[in-house]
Amino acid sequence: MILGDGGSGAERTQLFGAEWCGDCRRTRSWLRRHNVPYVEFDTDADPALRARAAEIAGGLPNIPVVITPEGTVLVEPTEVELATTLSAHRQRRGRSGCR
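Numbering of residues starts from 1 in every chain and runs along the sequence as written. This being a predicted model, a pLDDT of at least 70 is required before a residue's local features are given, and a value of 80 or more before pairs of side-chain atoms are given or counted; all residues contribute to the totals for chains, interfaces and linings. To get the side-chain values, all heavy atoms of the structure are used, and hydrogens and water are removed first.

Trainee: What am I meant to see in the overall build of the protein here?
Mentor: Numbering goes from the N terminus for both helices and strands, where a helix is a DSSP run of H or I of at least four residues and a strand is a run of E of at least two. Broken down by element type, the protein carries three helices and five strands. When the elements of the protein are put in sequence order from the N terminus, they spell out β-β-α-β-α-β-β-α. Looking at the 99 residues of the protein, the share that counts as buried comes to 42%. Taking contacts inside the protein between residues at least 6 apart in sequence as the whole, the part at least 24 apart equals 60%. Roughly 5,400 Å² of accessible area belongs to the protein as shown, and the carbon and sulfur atoms make up 50% of that amount. Summary of the burial criterion: residues with accessible area below 20% of their type's maximum are buried, those above 50% are exposed, and those between are partly exposed, where the area comes from a 1.4 Å probe applied to protein chains only. Should any heavy atoms of two residues lie within 4.5 Å, those residues are considered in contact. Computed with a 1.4 Å probe, the accessible areas rest on the Shrake-Rupley method; for each residue, only the protein chains presented here act as cover.

And the structure:
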């Protein structure tokens, strides 16, 4: 488990991914640029985490898998999907939206 940048607080987005994965690097970068607090789970470091990510993704081995604090699951999300989903969460929590 790796704590990502982006502030403190108990509510964090979860990111299941791997260092070698370009989509994971893009997602991680997007979360940091938009100050989204997240915790990262390295699916290469632990087979149980890899299996958990696949289970969350409906049996698919695709990464990254992102889970919002409210439980919304995104598999290989685009930047638009991240912005839309996480902005909605932040607005409900009284924070500024992501762009």
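Picking up where we left off.
Trainee: Can you help me understand the pattern of salt bridges in this one?
Mentor: Close approach of charged atoms allows side chains of opposite charge to pair. Salt bridges are counted wherever a side-chain nitrogen of Lys or Arg sits within 4 Å of a carboxyl oxygen of Asp or Glu. A complete count under the given rule lists four salt bridges for this structure. For R28, the salt bridge goes to E40, with nearest N and O atoms at 2.7 Å. Within this pair, whereas R28 is found in helix α1 (residues 22-33), its partner E40 is found in strand β3 (residues 38-42), the two being separated by twelve residues in sequence. Neither residue differs from the other here; R28 and E40 are each classed as buried.

Trainee: Help me out: how do you make sense of α1 in this one?
Mentor: Side chains of residues three or four places apart in an α-helix project in the same direction, reflecting 3.6 residues per turn. Taking 1.5 Å per residue as the helical rise, α1 with its twelve residues ought to reach 16 Å, and the 16 Å between its terminal C-alpha atoms agrees with that figure. Among the residues of α1, C24, T27, R28, W30 and L31 are the ones counted as buried. The buried side chains of α1 occupy one side of the element, clustering within an arc of 160° when seen end-on. Positioned one or two residues after α1, N35 has a phi angle of 55°, which is positive. The span you would expect from a helix comes to 1.5 Å times its residue count less one. Along the arc lie the directions from the helix axis toward the C-beta atoms.

Trainee: When you look at the environment of T72 in this model, what are you seeing that I'm missing?
Mentor: Positionally, T72 belongs in the loop between β4 (65-67) and β5 (73-75). You can call T72 partly exposed: its relative accessible area is 35%. T72 sits 14 residues away from L86 along the chain, and the two C-alpha atoms are 9.4 Å apart. When residues no more than four places from it in sequence are discounted, the contact partners of T72 are V66, I67 and T85.

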